[in-house]
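If you want the building blocks of each chain, they are given just below.
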Amino acid sequence: YRAWWSMPSLARHKSAPHTLASTALARHLAHRGVNATRVIHQMEAMALSAVRTISGKVCSREVVPSDKAFELTRFDFILERRFADPFLIEVNLSPNLEPKHGELANDVAWRKRLLHGVLD
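So, about the nonpolar core. Listed in full, the 12 residues of the largest apolar core are Ala3, Trp4, Trp5, Leu10, Ala24, Leu25, Leu29, Val34, Ala36, Val39, Met43 and Ala84. Elements represented by at least two residues in this core include exactly helix 2 (21-31) and helix 3 (36-54). When residues no more than four places from it in sequence are discounted, the contact partners of leucine 10 are Trp4, Ala24, Leu25 and His28.

Three or four residues apart is the spacing at which side chains of an α-helix point the same way, because the helix has 3.6 residues per turn. For helix 2, the full list of buried residues reads Ala24, Leu25, His28 and Leu29. Buried residues of helix 2, viewed axially, fall in a sector of 130°; they line one side. Along helix 2, the residues that are exposed and aim more than 90 degrees away from the buried face are Ala30 and His31. Residues of helix 2 that are buried make contact with helix 1 (8-11), helix 3 and strand 1 (73-79). At the C-terminal side of helix 2, glycine 33 shows a positive phi close to 80°.

How each quantity is defined
Residues numbered from 1 in each chain as written. Predicted model: local features only at pLDDT ≥ 70, side-chain atom pairs only at ≥ 80, totals over all residues. Heavy atoms only, no water. Core = buried A, V, L, I, M, F, W, Y, C linked by side-chain atoms within 4.5 Å. Buried < 20%, exposed > 50% of the residue type's maximum accessible area, 1.4 Å probe, protein only. Helix = DSSP H or I, 4+ residues; strand = E, 2+ residues; numbered from the N terminus. Contact = heavy atoms within 4.5 Å. Arc of directions from axis to C-beta.

Listed below in structure tokens is the structure:
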């Protein structure tokens, strides 16, 4: 996994420390003349389809009631270069949030904010 802000094509579209990956992607695609709304909607539809496909098969709702638990999932996409058509390449159930060596300080910061927000 490579943090999106370490990719030069997306990093230049980061306007603030808390810029979302989808915001930077939309800016990058618009800069290239690609309909960013179309691409992001396609990605969202693929992610939703994947969730619907595995819903109820991965975790048993009988173990922990759904109103007392959550699942964190990361979807990895690649974009075809010319038309920016997205391809879902991987779904990470319970992605590792442990920072690795060499990661940027803001990467560690957003992970901590996420965990504190969920657990508070």
